[in-house]
Amino acid sequence: MKSFSVLALFAGGAALLSASCSTAPARPDDIVAAERAFAADGYQRGVKLSFLAFSAPDAVIFAPAPVNAHVSLTASPDQNLSEPRAHLVWWPLYAGISNSGDLGFTTGPYAIDENRRGHYFTIWKKQDGGEWKWVLDAGVGADASLEAPQGSPVAYLAPTHEHSASPEAASAEVAAIEASIAAAAVDSVQSAYEPYLDDESRLHSSGPAPSKSADGRAAIFAARPQSLAFTALGGGVSLAGDLVWTYGEGRPVGAGADKSGYYVRLWQKRRAGWRLVFDEYLPPPAQ
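Please read all numbers here as calculations on a predicted model, not as lab measurements. (Residues numbered from 1 in each chain as written. Predicted model: local features only at pLDDT ≥ 70, side-chain atom pairs only at ≥ 80, totals over all residues. Heavy atoms only, no water.)

K.L.:
I keep staring at the pattern of salt bridges and nothing clicks. Help me out?
P.N.:
Pairing of side chains with opposite charge becomes possible as their charged atoms draw close. For the coordinates displayed, the defined rule picks out eleven salt bridges. The shortest N-O distance in the salt bridge between Arg 27 and Asp 29 comes to 3.4 Å. Given the relative accessible area of 37%, Asp 29 is considered partly exposed. In this structure, Arg 265 and Glu 178 form a salt bridge, with 3.3 Å as the shortest nitrogen-oxygen distance. Placement of the pair is Arg 265 in strand β12 (residues 261-270) and Glu 178 in helix α5 (residues 167-185), with a sequence separation of 87 residues. For Arg 265, a relative accessible area of 1% corresponds to the buried category. Three or more residues are tied together by salt bridges with common partners; here these are Glu 178, Arg 224, Arg 265 and Asp 279. (Salt bridge = Lys/Arg side-chain N within 4 Å of Asp/Glu carboxyl O. Buried < 20%, exposed > 50% of the residue type's maximum accessible area, 1.4 Å probe, protein only. Helix = DSSP H or I, 4+ residues; strand = E, 2+ residues; numbered from the N terminus.)

K.L.:
Quick question: what am I supposed to make of the environment of Ser 213 here?
P.N.:
Relative to the helices and strands, Ser 213 resides in the loop between β9 (202-204) and α7 (217-222). Sequence-wise, Ser 213 and Asp 199 are 14 residues apart; in three dimensions their C-alpha atoms are separated by 5.0 Å.

K.L.:
Please explain the packing of aromatic side chains as it appears in this structure.
P.N.:
Remark: the centre distance and the inter-plane angle together describe each pair of aromatic rings, the angle taken between the planes. Under the defined criterion, the tally for this structure stands at 17 aromatic pairs. Taken together, a centroid distance of 6.2 Å and an interplanar angle of 25 degrees make the contact between Phe 38 and Trp 134 stacked. Separated by 96 residues along the polypeptide, Phe 38 in helix α2 (residues 29-45) and Trp 134 in strand β7 (residues 132-140) bring together distant segments of the chain. By relative accessible area, which is 0% here, Phe 38 ends up buried. The class for Trp 134 is buried, based on a relative accessible area of 0%. Summarising the aromatic geometry, the rings of Phe 230 and Tyr 263 are spaced 5.2 Å apart at their centres and angled 85 degrees between planes, so their arrangement reads as edge-to-face. In this pair, Phe 230 sits in strand β10 (residues 228-237) while Tyr 263 sits in strand β12, placing the two residues 33 residues apart along the sequence. (Phe/Tyr/Trp six-rings, centres within 6.5 Å; stacked < 30°, edge-to-face > 60°.)

K.L.:
I'm lost on the confidence of the model for the protein in this one. Help?
P.N.:
The predicted structure's coordinates, where accompanied by low pLDDT, should not be read in detail. Of the residues in the protein, 90% reach a pLDDT of 70 or more, and the chain-wide mean stands at 90. Here residues 3-23 is modelled with pLDDT under 50, and outside its nearest four sequence neighbours on either side it reaches 55 contacts, counting other chains as well. (pLDDT = per-residue confidence, 0-100. Contact = heavy atoms within 4.5 Å.)

K.L.:
Looking at this structure, how should I read unusual backbone geometry?
P.N.:
Negative phi characterises most residues that are not glycine, and trans characterises most peptide bonds. Residue Pro 64 is reached from Ala 63 by a cis peptide bond, and omega for that bond is -10 degrees. With respect to the secondary-structure elements, Pro 64 resides in the loop between β1 (55-62) and β2 (66-68). For Asp 113, which is not glycine, the phi dihedral falls at a positive 55 degrees. Structurally, the position occupied by Asp 113 is in the loop between β5 (103-112) and β6 (115-126). By relative accessible area, Asp 113 is classed as partly exposed at 36%.

K.L.:
Would you take a moment to explain helix α3 (residues 47-54) for this structure?
P.N.:
Counting along an α-helix, one turn takes 3.6 residues, and residues three or four places apart therefore face a common direction. Residues Lys 48, Ser 50, Phe 51 and Phe 54 constitute the buried set of α3. The secondary structure elements touched by the buried residues of α3 are α2, β1, α4 (69-75), β3 (88-90), β6 and β7.

K.L.:
I'm lost on the packing of α2 against α3 in this one. Help?
P.N.:
The angle between the axes and the distance between the axes are what describe a pair of packed helices. The geometry of α2 relative to α3 is characterised by a closest axis approach of 7 Å and an angle of 150 degrees between their N-to-C directions. Taken together, the axis directions place α2 and α3 in an arrangement best described as roughly antiparallel. Considering the relative orientation of α2 and α3, their crossing is right-handed. In this structure, α2 contributes Ala 34, Ala 37, Phe 38, Asp 41, Gly 42 and Arg 45 to the contact, and α3 contributes Val 47, Leu 49, Ser 50, Phe 51, Ala 53 and Phe 54. Of the residues contributing to the contact of α2 with α3, the split by class is eight nonpolar, two polar and two charged. (Axes fitted to C-alpha atoms, helices over the stretch in contact; angles between N-to-C directions. Parallel < 35°, antiparallel > 145°, perpendicular 65-115°, else oblique. Left-handed = near helix turned anticlockwise from the far one by under 90°. Nonpolar A, V, L, I, M, F, W, Y, C, P; charged D, E, K, R; others polar.)

K.L.:
What should I look at first to understand the nonpolar core in this one?
P.N.:
Generally speaking, a soluble globular protein has its nonpolar side chains buried in company with each other. Grouped together as the largest cluster of nonpolar side chains are 23 residues, with contacts concentrated most on Ile 181, Tyr 193, Phe 230, Val 244, Trp 267 and Trp 274. Of all elements in the fold, only α5, α6 (189-193), α7, β10, β12 and β13 (273-282) reach the threshold of two or more residues within this core. Residues Val 60, Ile 123, Ala 138 and Val 277 belong to the second largest nonpolar core, which totals 21 residues. (Core = buried A, V, L, I, M, F, W, Y, C linked by side-chain atoms within 4.5 Å.)

K.L.:
Before we go on, may I ask you to explain α5 in this structure?
P.N.:
Between its first and last C-alpha atoms α5 spans 26 Å; for 19 residues at 1.5 Å apiece the expected length is 27 Å, and the two agree. Regarding α5, the residues found buried are Pro 167, Ala 170, Ser 171, Val 174, Ile 177, Glu 178, Ile 181, Ala 182 and Ala 185. For α5, the angular spread of buried residues about the axis comes to 145 degrees, placing them on one side. (Expected span 1.5 Å × (residues − 1). Arc of directions from axis to C-beta.)

K.L.:
I'm lost on the pairing of β12 in this one. Help?
P.N.:
Every other side chain in a regular strand lies on the same face of the sheet, so the side chains alternate between the two faces. The element β12 is largely enclosed, with a buried count of ten among its ten residues. Of the two faces of β12, both are covered, the one formed by Gly 261, Tyr 263, Arg 265, Trp 267 and Lys 269 as well as the one formed by Tyr 262, Val 264, Leu 266, Gln 268 and Arg 270. Of the strand pairs in this sheet, strand β11 (residues 243-252) and β12 are connected by eight bridges, and their pairing is antiparallel. Residue pairing for β12: Trp 245 is matched across the bridge by Leu 266. Pairing of β12 with β13 involves nine bridges; the strand directions are antiparallel. Residue pairing for β13: Arg 270 is matched across the bridge by Gly 273. (Pairing = 2+ DSSP bridges.)

If you want it as structure tokens, here you go:
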């Protein structure tokens, strides 16, 4: 993961929601620029200082369980930047933003120097002063060998014209869906997910390359436990009620039930209902 990665639900009035949904769709250029600035700063100053500078106060990382990024990073040792060191590098290849322009994401490969290690996923939130800070950072060792190099064009998630009546309504709708997924996943993880996937859904697991279409999903689900007990832990929602992100625990059922993995999801409201834009499963750490 990019880091060794909050419940931030927004309350918005009807006038604000109406205004956010009647304007032209926002584009995630600013989020991509923030991610690239973050990566450049991290290369220069190292993980601790850069991750503290670019994260919101309530940001979450996985270490390996989800923790507050500022608490975890502040407690970590300072880096001696005058000594030779390996550099953590990453670059965005896919990004999206809410119609209200306040919430978005990027994802792409990460590497230690030239050694590609996997894929990261970051949720970004616009702060009161207008700057972008990340609120969740996670990643997994998915094969990144065939991904485009740094500086390549970034693909954008298609905007939606749908939204819920309010941020609170959006959160409640997604919570109900995730409860349904949790109930079904104790029998079959893949079957639990299938009703909420479409051709654009992206799935990350440790091992195989990310699935960016329906064709690669079998390998992704084969790399995960076949039965999981999911427990929601937190997340956030856009002011427009069109994007919701969540994270939680994914504990294997049966063998390995004493070890916790974790999930990260991003949902988008579409004509057919809520669909998974992105899903990542972080397996329990190796003993």
